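Letter by letter, the chains look like this.
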Amino acid sequence: MDTSIEERLKVVEAAIAELKQQNAHPEPNWIEQITGSFKDDPIFDEVLAYGREFRGADRPQLQSKC
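Here the structure is a predicted model, which means the values were calculated and not measured. (Residues numbered from 1 in each chain as written. Predicted model: local features only at pLDDT ≥ 70, side-chain atom pairs only at ≥ 80, totals over all residues. Heavy atoms only, no water.)

Looking now at the overall build of the chain. A count of helical and extended segments in the chain gives three helices and zero strands. In terms of overall dimensions, the chain is more spread out than a globule: its C-alpha atoms have a radius of gyration of 28 Å, far above the 11 Å expected for 66 residues. The C-alpha extent of the chain, read off along each of the three principal axes, is 85 × 35 × 15 Å. Residue burial in the chain is summarised as follows: out of 66 residues, 2% are buried. As displayed, the chain offers around 7100 Å² of accessible surface, 58% of which is attributable to carbon and sulfur atoms. (Helix = DSSP H or I, 4+ residues; strand = E, 2+ residues; numbered from the N terminus. Rg over C-alpha atoms; globule rule 2.2 N^0.38 Å. Buried < 20%, exposed > 50% of the residue type's maximum accessible area, 1.4 Å probe, protein only. Areas by Shrake-Rupley, 256 points an atom, 1.4 Å probe, with all protein chains shown as cover.)

This part takes up the packing of aromatic side chains. Any aromatic ring pair is given by two values, namely how distant the centres are and how the planes are angled relative to each other. Following the criterion strictly, the structure yields one aromatic pair and no others. For the ring pair Phe-38 and Phe-44, a centre distance of 4.7 Å and an interplane angle of 15 degrees mean the geometry is stacked. (Phe/Tyr/Trp six-rings, centres within 6.5 Å; stacked < 30°, edge-to-face > 60°.)

A few words now on a nonpolar patch on the surface. Judged by side-chain polarity, Leu-9, Val-12 and Ile-16 come together as a nonpolar surface patch covering roughly 250 Å² of accessible area. By the element assignment, Ile-16 lies in helix H1 (residues 5-24). (Patch = residues over 30% accessible without salt bridge, like charges linked within 9 Å, V, L, I, M, F, W, Y side chains within 5 Å. Salt bridge = Lys/Arg side-chain N within 4 Å of Asp/Glu carboxyl O.)

This brings us to unusual backbone geometry. Although it is not a glycine, Asp-40 adopts a positive phi angle of roughly 60 degrees. For Asp-40, the location among the structural elements is in the loop between helix H2 (30-34) and helix H3 (42-57). Given a relative accessible area of 67%, Asp-40 falls into the exposed group.

The next point concerns H3. With 16 residues, H3 should reach 22 Å at 1.5 Å per residue; the first-to-last C-alpha distance of 23 Å fits that figure. One side-chain oxygen at the N-terminal end of H3 lies 3.1 Å from the backbone nitrogen of Ile-43; it belongs to Asp-41. (Expected span 1.5 Å × (residues − 1). Polar contact = N/O pair within 3.5 Å; in protein donor to acceptor, adjacent residues only side chain to side chain.)

Everything listed is a geometric property; what it means functionally is a separate question.
Given below as structure tokens:
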């Protein structure tokens with residue numbers, strides 16, 4: 001290694017500055033963008049009901065003891 005500590009430090013500082021710049025403008029969170037987009041949509045409510053029914057189909061049925 002022929003590079004001096006000062007030169008290596010400059011490289012590290014430049015890399016940190018680049019990372020800070022990238023972090024200053026983060027991409028929008030896709031979950032936040034779609035949250036609420038199906039609010040009051042009857043078709044989505046139907047899809048949720050089908051999903052609950054599908055997941056419940058694999059559960060054992062409780063039998064009452066009478």
